[in-house]
Amino acid sequence: MATTGSFLILIFMILATTGSASSVLGEMVTVLSIDGGGIKGIIPATVLTFLEGQLQELDNNKDARLADYFDVVAGTSTGGLLAAMISTPNENNRPLFAAKDISPFYFTHGPHIFPPGAGPPIFGPKYDGIYFHQILQDVLGEIRLHQALTEVAITAFDIKTNQPVIFTKAALAKSPELDAKMSDICYSTAAAPTYFPPYNFTTKDVTGNEYQFNLVDGGVAAASPALVALSAAMRHATEGDPTYRSIRSLNFKNILMISLGTGDATDFDTPVSNTAEEAAKWGIIDWLFHNNSSPLIQGVNSASSYMDDYYLATVFQALDSEKNYLRIQENGLTGSTTIMDNATDANMNLLVQVGENLLKKPVSKTNPEINEEALKRFAILLSERKKQRANKASQ
């Protein structure tokens, strides 16, 4: 999760950046980040459907996919699943999923991943995860991280080593053990404590010996993977990848970044539902399962996502690049839509509606630009950047 140390790193970026450098569209590095949130992944899936539709219209290509336009796609938990779905290749080396096919995946499999009637996870996880893992294996097969169509950054947390694990292609040269099957990575990043069992699997390390992972949900490390996504891009730049050369000097004018949330019950302008007086009476059960939700987990995730956005917005604004960063998040979820494992048809339809309504809302209280219009603006930049790169490559 984001920390004060993360903010200090970004302040260093400000001091080190040559802010006077002008951006060249063809040299821009493009980043997409998707938060965790269980079944609420339907919300960013709805937003991505709109964005991909705009790109297809601009390029007059119904087969255009998000992976064609983003250099880095990062995700945590359900966001990690979305990242894999849009960047894992099929037999034709094209993305397995169009954005419009993601929500139907949730509608088809969500009720089996989160079956109704499960009791409180007091003596074990709420769900056994068997169906979830099986469907990931069926869909993603034997495809491994190195085969992803673009750079991905998917987070997990190893409970044996007590360290975050970030699955990126950039790290494979020095850490080949990270080249896991995408199905294993996706289950691991979504294995939320108390909801699913932790996941154990092995790969091969640099010496050819077995390397063992013992992983839980990436949200333990980063509820919002936005800083992770930015770090993945910077790693490519420092290692000399020509695609990322324009940001080697930490030039934020050459970074185009979209960060998508999965919705939050916290409206920062209104009182929260739980008061200190009420919480003073809580024990561990209430902190984890109060009113069919987890105030502890939701609070940690909300704080992490909010602070990551705060850090990034501050840096992009300080470097006169605020138009290059777009955060889309619903901060006023209510009722069943706040629950990450409510996979009833009624709730999933509500989540689609939340996503569609979100497109019509302002970017923020200080930025009146409508999310839909901001995405159209980004789509134009993404399309033009892709064309300029293609022209440059053909010369």
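Scoring rules and cut-offs
Residues numbered from 1 in each chain as written. Predicted model: local features only at pLDDT ≥ 70, side-chain atom pairs only at ≥ 80, totals over all residues. Heavy atoms only, no water. Helix = DSSP H or I, 4+ residues; strand = E, 2+ residues; numbered from the N terminus. Buried < 20%, exposed > 50% of the residue type's maximum accessible area, 1.4 Å probe, protein only. Contact = heavy atoms within 4.5 Å. Areas by Shrake-Rupley, 256 points an atom, 1.4 Å probe, with all protein chains shown as cover. Phe/Tyr/Trp six-rings, centres within 6.5 Å; stacked < 30°, edge-to-face > 60°. Lys NZ or Arg CZ within 6 Å of the ring centre and 35° of its normal. Salt bridge = Lys/Arg side-chain N within 4 Å of Asp/Glu carboxyl O. Expected span 1.5 Å × (residues − 1). Arc of directions from axis to C-beta. Pairing = 2+ DSSP bridges. Core = buried A, V, L, I, M, F, W, Y, C linked by side-chain atoms within 4.5 Å.

Student: In this structure, what is going on with the overall build of the protein chain? I would like to understand it.
Tutor: The helix and strand tally for the protein chain stands at 12 helices and 8 strands. Counting every position in the protein chain, which comprises 395 residues, the buried fraction comes to 53%. Considering only residue pairs separated by 6 or more positions, the protein chain has 75% of its internal contacts joining residues 24 or more positions apart. Accessible surface computed for the protein chain: about 17,500 Å², of which carbon and sulfur atoms make up 55%.

Student: Just checking my understanding: could you explain the packing of aromatic side chains for this structure?
Tutor: For any pair of aromatic rings, the description rests on two quantities: the centre-to-centre distance and the angle between the ring planes. Counted according to the given criterion, the structure contains 15 aromatic pairs. Ring geometry for Y187 against Y199: centres 5.1 Å apart, planes inclined by 65°, an arrangement best described as edge-to-face. One end of the pair, Y187, is in helix α6 (residues 182-190); the other, Y199, is in strand β5 (residues 199-204), with 12 residues separating them in the sequence. The pair formed by Y187 and Y199 is uniform in burial state, with each residue classed as buried. What links up through ring pairs into an aromatic cluster is the set F114, Y127, F132, F167, Y187, F196, Y199, F201, Y211 and F213. Lying across the ring of Y69, K386 places its NZ or CZ 5.6 Å from the centre.

Student: What's the story with the pattern of salt bridges in this structure? I'm lost.
Tutor: Oppositely charged side chains are able to pair whenever their charged atoms sit close together. One pass over the structure, following the stated rule, counts 17 salt bridges. Here D59 makes a salt bridge to K387, at a shortest N to O gap of 3.6 Å. Linking D59 in the loop between α2 (42-58) and β2 (72-76) with K387 in helix α12 (residues 371-394), this pair joins segments that are 328 residues apart in sequence. Among the residues examined, D59 registers a relative accessible area of 19% and is labelled buried.

Student: Would you take a moment to explain helix α7 (residues 226-238) for this structure?
Tutor: Since the α-helix turns once every 3.6 residues, residues separated by three or four places project in the same direction. In a regular helix each residue adds 1.5 Å, so 13 residues correspond to 18 Å; α7 covers 19 Å between its end C-alpha atoms and thus fits that length. The element α7 is extensively covered by neighbouring structure, given that 10 of its 13 residues are classed as buried. Those residues of α7 not exposed but buried are A226, L227, V228, A229, L230, A232, A233, M234, H236 and A237. Where α7 terminates, the next one or two residues include G240, which has phi positive at roughly 90°.

Student: Sorry if this is basic, but what is going on with helix α11 (residues 345-359) here?
Tutor: Between its terminal C-alpha atoms α11 stretches 22 Å, which fits the 21 Å expected from 15 residues at 1.5 Å a residue. Restricting attention to buried positions, one finds in α11 the residues N347, M348, L351, V352, V354, G355, L358 and L359. Around the axis of α11, the buried residues are gathered within 155° of arc, so they sit on the same side. Of the surrounding secondary structure, the elements contacted by the buried residues of α11 are α2, α4 (102-113), β8 (325-328) and α12.

Student: Honestly, unusual backbone geometry in this entry has me stumped. Any pointers?
Tutor: The general pattern is negative phi for most residues beyond glycine and trans for most peptide bonds. The backbone of N60 sits at a positive phi, close to 50°, despite the residue not being glycine. Position of N60 among the secondary structure elements: in the loop between α2 and β2. Even without a glycine there, the phi angle at N93 is positive, about 60°. Note on placement: N93 falls in the loop between α3 (78-87) and α4.

Student: I tried to follow the pairing of strand β7 (residues 255-260) on my own but got confused; where do I start?
Tutor: Looking along a regular strand, one sees side chains alternate from face to face of the sheet. β7 sits mainly inside the fold: 6 of its 6 residues count as buried. By the alternation rule, side chains of β7 split into I255, M257 and S259 and L256, I258 and L260, which are all buried. Taken together, the 6 bridges between strand β1 (residues 29-34) and β7 define a ladder with parallel strand orientation. Following the sheet pairing, L32 is matched in β7 by I258. Note that β7 and β8 share 4 bridges and pair parallel.

Student: Sorry, what's going on with the nonpolar core here?
Tutor: Where a protein is soluble and globular, its nonpolar side chains tend to be buried together. Of all hydrophobic cores here, the largest spans 80 residues; its most connected members are L32, L51, F70, F167, F196 and L375. When residues no more than four places from it in sequence are discounted, the contact partners of F196 are I113, F114, P125, Y127, G129, F132, Y187, A190 and A191. A153, A232, M234 and Y244 belong to the second largest nonpolar core, which has 27 residues in total.

Student: Would you take a moment to explain the environment of T168 for this structure?
Tutor: Here T168 lies in strand β4 (residues 163-168). For the pair formed by T168 and H146, sequence separation is 22 residues and the distance between their alpha carbons is 8.4 Å. Not counting residues up to four positions away in its chain, the partners in contact with T168 are L145, E151, V152, A153 and A232.

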